[in-house]
Every structure is written in C-alpha cells, then in structure tokens.
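Chains, contacts and geometry: an overview
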Amino acid sequence: MNIKFWLNGIQRQEEIDPGMLLIDFLREKGCYSVKRGCETANCGLCTVLMDEKPILSCSMLAARIDGKKIVTLEGLQKEAEEFGNFLANEGAEQCGFCNPGFIMNVIAMLKELEEPDEEQIKEYLAGNLCRCSGFVSQTASILKYLNYKKTQEES
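I will try to describe carefully the structure that is included in this document. (Residues numbered from 1 in each chain as written. Predicted model: local features only at pLDDT ≥ 70, side-chain atom pairs only at ≥ 80, totals over all residues. Heavy atoms only, no water.)

Quick notes on the overall build of the protein chain
Definition in use: Runs of E in the DSSP output that reach at least two residues are strands. Runs of H or I that reach at least four are helices, and both are numbered from the N terminus. Restricting the calculation to C-alpha atoms gives the radius of gyration, and the globule rule supplies 2.2 Å times the number of residues raised to the power 0.38. Relative accessibility thresholds used throughout: buried, under 20% of the residue-type maximum; exposed, over 50%; partly exposed, between the two (1.4 Å probe, protein chains only). In what follows, a contact means two residues having at least one pair of non-hydrogen atoms within 4.5 Å. Charged-residue counts in this description rest on Lys and Arg as positive and Asp and Glu as negative, His and the chain ends being excluded. Charge positions are represented by NZ for Lys, CZ for Arg, CG for Asp and CD for Glu.
Scanning the protein chain from N- to C-terminus turns up five helices and five strands. Secondary structure elements in the protein chain, listed N-terminal to C-terminal, are β-β-α-β-β-β-α-α-α-α. For 155 residues, the compact-globule estimate of 2.2 N^0.38 gives 15 Å, and the protein chain sits close to it at 16 Å. Dimensions of the protein chain, computed from the C-alpha atoms along their principal axes, are close to 45 × 35 × 25 Å. Scored against the burial criterion, the 155 residues of the protein chain give a buried share of 41%. Partitioning the intrachain contacts of the protein chain with sequence separation of at least 6 by distance along the chain shows that 58% fall at a separation of at least 24. Side-chain charges in the protein chain split into 17 positive and 24 negative, and the spacing between the mean points of these groups amounts to 4 Å.

This is the structure:
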C-alpha cells in the first residue's frame, strides 16, 4: 500500500504493509522517541501529533496517516528542550522513559487550551502514566512553564 504524508515537516511517500502499526512504522523511520509501553493504549508513551492532535501510535494503523501531518518529538526539539528544562528543574524527569510521550501531550495541550489551570492539566494528561512519580513535580513544572511562556508573551 502506498501512502503520502508529512513526517516532522518533510513530505514523504512510502510503501507499507496495510496491517503495520504506526508505532512500528515511525520507529523504522528513525523516530525512536516513540516508545512502546503498555501495548494497550493506556500509558501515553507512544503519543505523536497527527494534524496537531495527540494520538496513540500503538493503536493506529500506519495506513491512516495517508495525507496527514505527523510530528514526533524529533520534530519538536526546540519546544521539547525548553519544556524539558522545567521538568529537570523540578526533578520531574526521573528515569525519563515516559518523557517523550508526556512532552508531546503537554505541547498539544498548550496549543489546545488557553491558560489551563491545574485541574485542566491533570485531566488533559490523565492518559500519561509514569512509574516513577505521582505527577506532582510534573504538574509544578507545567505551571512554571506556563508562567514563563506568559511572561515571555507580555515582554
């Protein structure tokens, strides 16, 4: 099956097996930030953006990206590094295994919600699981990052 799509801003055309999962396809293309965690679409580790909306690549066939724009963490290095500094400063990076999917969802949330409060943040990120923490430091890092972004916009 032949598909056309954009991956991290680059238009591509590929021949794929119709039954291939998107997570496997993306990893074959060198997008190693996309990780396999639970294999039940419950942990958020495999999150990527499809047309700017977060999706779980472990539960989607690669064929469904035909004509779509897919962005992985590899395509958001500047944003990821900027927010990643806030995670590190709060001690929220821990082992780091869940960070790529978590960061993808935070970036999507910031595009979708204007000035989310703590409850909205927790609700939006409920599908992300972290085996190291209870998300207290992650939530604090998001709130500090939001404040930083707001201060930047006001300057």
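Examining the side chain of Thr47
Convention followed: In the analysis that follows, any N or O atom pair within 3.5 Å is treated as a polar contact, provided that within protein one partner can donate a hydrogen and the other can accept it, and provided that, for residues neighboring in sequence, both atoms belong to side chains.
Mapped onto the elements, Thr47 comes out in strand E3 (residues 47–50). Here Gly44 takes part through its backbone oxygen, which lies 2.7 Å from a polar atom of the side chain of Thr47. Sequence-distant contacts of Thr47, that is, excluding residues within four places in its chain, are made with Pro54, Ile55, Leu56, Gly101, Met104 and Asn105.

Observations regarding the pattern of salt bridges
Convention followed: In what follows, salt bridge is the name for a side-chain nitrogen of Lys or Arg lying within 4 Å of a carboxyl oxygen of Asp or Glu.
Inspection of the entire model under this criterion finds eight salt bridges. Among the ionic pairs, Asp24 bridges to Arg36, the shortest N-O distance being 2.8 Å. Separated by 12 residues along the polypeptide, Asp24 in helix H1 (residues 22–28) and Arg36 in the loop between H1 and E3 bring together distant segments of the chain. Classification of Asp24 by relative accessible area gives partly exposed; the value is 28%. Judged by its relative accessible area of 32%, Arg36 is partly exposed. Its salt-bridge partner being Lys149, residue Glu82 comes within 3.1 Å of it at the nearest N-O pair. Remark: Lys149 occurs in helix H5 (residues 136–154) and Glu82 occurs in helix H2 (residues 77–89); sequence separation between them is 67 residues. Under the relative-accessibility criterion, Lys149 is labelled partly exposed at 27%. Sharing partners across several salt bridges, the network here consists of Arg12, Glu14 and Lys29.

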